[in-house]
Amino acid sequence: METIELVTAEGRTVRVEKELALKSGTIRHLLETLAQEDGSIPSEPLPLPNCAEKHLRAVIAWLERHRDDVPQTQEDIARQRFDLAIPDDDRKAFQAFHIDDIANILTAANYLDIQSLIDMLVKYVAKFIDDNNSSPQTLAKALNIKPRN
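Residues numbered from 1 in each chain as written. Predicted model: local features only at pLDDT ≥ 70, side-chain atom pairs only at ≥ 80, totals over all residues. Heavy atoms only, no water.

- By the naming in an unreviewed UniProt entry, the protein goes by Skp1-related protein and is assigned to Steinernema glaseri.
- Regarding the protein, the relevant UniProt record gives this comment under Sequence similarities (unreviewed entry): "Belongs to the SKP1 family." (UniProt positions renumbered as here; feature names shortened; annotations may be inferred.)

Structure follows, in structure tokens:
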């Protein structure tokens, strides 16, 4: 199994299977740009200055859970866009994080260009907001937003 080393915003190195890393448009582009003349991947780690280690590891864990997913057609994506159903394993994994971390994982997924994870996180956040819609005060408390004075 071939792996790629990624360097997080904190300067820590994280190893990921090449097969999973290539699901990221950003990493795929970096590898194409930095590829050796023989087509091999670069030996030096790829810098990901916009990804904290905690959030990068969450992205990698999601990629591992979805490694065997069949690529979706544009029609499938359009049909599912407004369906807020979230697989149980994803819901449980996301619930392990504070909503602030979810926002940072979403930012990392956006930076890494992993559209299927972005879509899943947006659904999770929409459901989170919907589940906490009893009042603006309840939602503000859930999102840790301080009232203005």
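What about the overall build of the protein?
Alright, step 1. Counting its secondary structure elements, the protein contains eight helices and three strands.
Alright, step 2. Its helices and strands in sequence order give the protein the pattern β-β-α-α-β-α-α-α-α-α-α, from N to C terminus.
Alright, step 3. Considered along the principal axes of its C-alpha atoms, the protein spans approximately 60 × 40 × 20 Å.
Alright, step 4. Looking at the protein residue by residue over its 149 residues, the buried ones come to 32%.
Alright, step 5. Once local pairs closer than 6 in sequence are excluded, the contacts in the protein between residues at least 24 apart make up 65%.
Alright, step 6. In the structure as shown, the protein presents an accessible area of about 9,500 Å², 52% of it carried by carbon and sulfur atoms.
Alright, step 7. Across the protein, 18 positive and 25 negative side-chain charges occur, with their mean positions spaced 8 Å apart. (Helix = DSSP H or I, 4+ residues; strand = E, 2+ residues; numbered from the N terminus. Buried < 20%, exposed > 50% of the residue type's maximum accessible area, 1.4 Å probe, protein only. Contact = heavy atoms within 4.5 Å. Areas by Shrake-Rupley, 256 points an atom, 1.4 Å probe, with all protein chains shown as cover. Lys, Arg positive; Asp, Glu negative; His and termini not counted. Charge placed at Lys NZ, Arg CZ, Asp CG, Glu CD.)

A short note on empty space enclosed by the protein
Alright, step 1. With the rule as written, the count across this model stands at one cavity of 30 Å³ or more.
Alright, step 2. There is about 50 Å³ of room inside the largest cavity.
Alright, step 3. Around the largest cavity sit Leu6, Val16, Leu20, Ala21, Ser24, Ile27, Leu56, Val59, Ile60, Leu63, Leu112 and Ile114, which together line it.
Alright, step 4. Those elements that place two or more of their residues in the lining of the largest cavity are helix H1 (18-21) and helix H3 (53-65).
Alright, step 5. For the lining of the largest cavity, the element with the highest residue contribution is H3, accounting for four residues.
Alright, step 6. Here the lining of the largest cavity is composed, by residue class, of eleven nonpolar, one polar and no charged. (1 Å grid on protein atoms, 1.4 Å probe; cavity = no way out; pocket = protein on both sides within 12 Å on 5 of 7 lines; lining within 4 Å. Points joined across faces, edges and corners; volume = space filled by probe spheres on them. Nonpolar A, V, L, I, M, F, W, Y, C, P; charged D, E, K, R; others polar.)

Structural notes on the packing of H3 against helix H6 (residues 99-112)
Alright, step 1. One can describe the packing of H3 onto H6 by two numbers: an axis separation of 9 Å at closest approach and a directional angle of 70°. In terms of axis orientation, H3 runs roughly perpendicular to H6. The handedness of the crossing between H3 and H6 is right-handed. Residues Lys54, His55, Leu56, Ala58 and Val59 of H3 form the contact with H6, whose participating residues are Asp101, Asn104, Ile105, Ala108, Ala109 and Leu112.
Alright, step 2. Taken together, the residues that form the contact of H3 with H6 break down as seven nonpolar, two polar and two charged. (Axes fitted to C-alpha atoms, helices over the stretch in contact; angles between N-to-C directions. Parallel < 35°, antiparallel > 145°, perpendicular 65-115°, else oblique. Left-handed = near helix turned anticlockwise from the far one by under 90°.)

Focus on the confidence of the model for the protein
Alright, step 1. Confidence along the protein averages 87 in pLDDT terms, with 91% of residues attaining 70 or more.
Alright, step 2. Per-element mean pLDDT across the protein ranges from 70 in helix H8 (residues 136-142) up to 97 in H3. (pLDDT = per-residue confidence, 0-100.)

Looking at the environment of Ala140
Alright, step 1. Note that Ala140 resides in helix H8.
Alright, step 2. Residue Ala140 is classed as partly exposed on the basis of its relative accessible area, which comes to 22%.

As for H3
Alright, step 1. Relative to the 18 Å expected for 13 residues at 1.5 Å per residue, H3 spans 18 Å between its end C-alpha atoms, a close match to the ideal helical length.
Alright, step 2. Taken as a whole, H3 has its buried residues at Glu53, His55, Leu56, Ala58, Val59, Ile60, Trp62 and Leu63.
Alright, step 3. Elements that come into contact with the buried residues of H3 comprise strand E1 (3-7), strand E2 (13-17), H1, helix H5 (88-95), H6 and helix H7 (115-131). (Expected span 1.5 Å × (residues − 1).)

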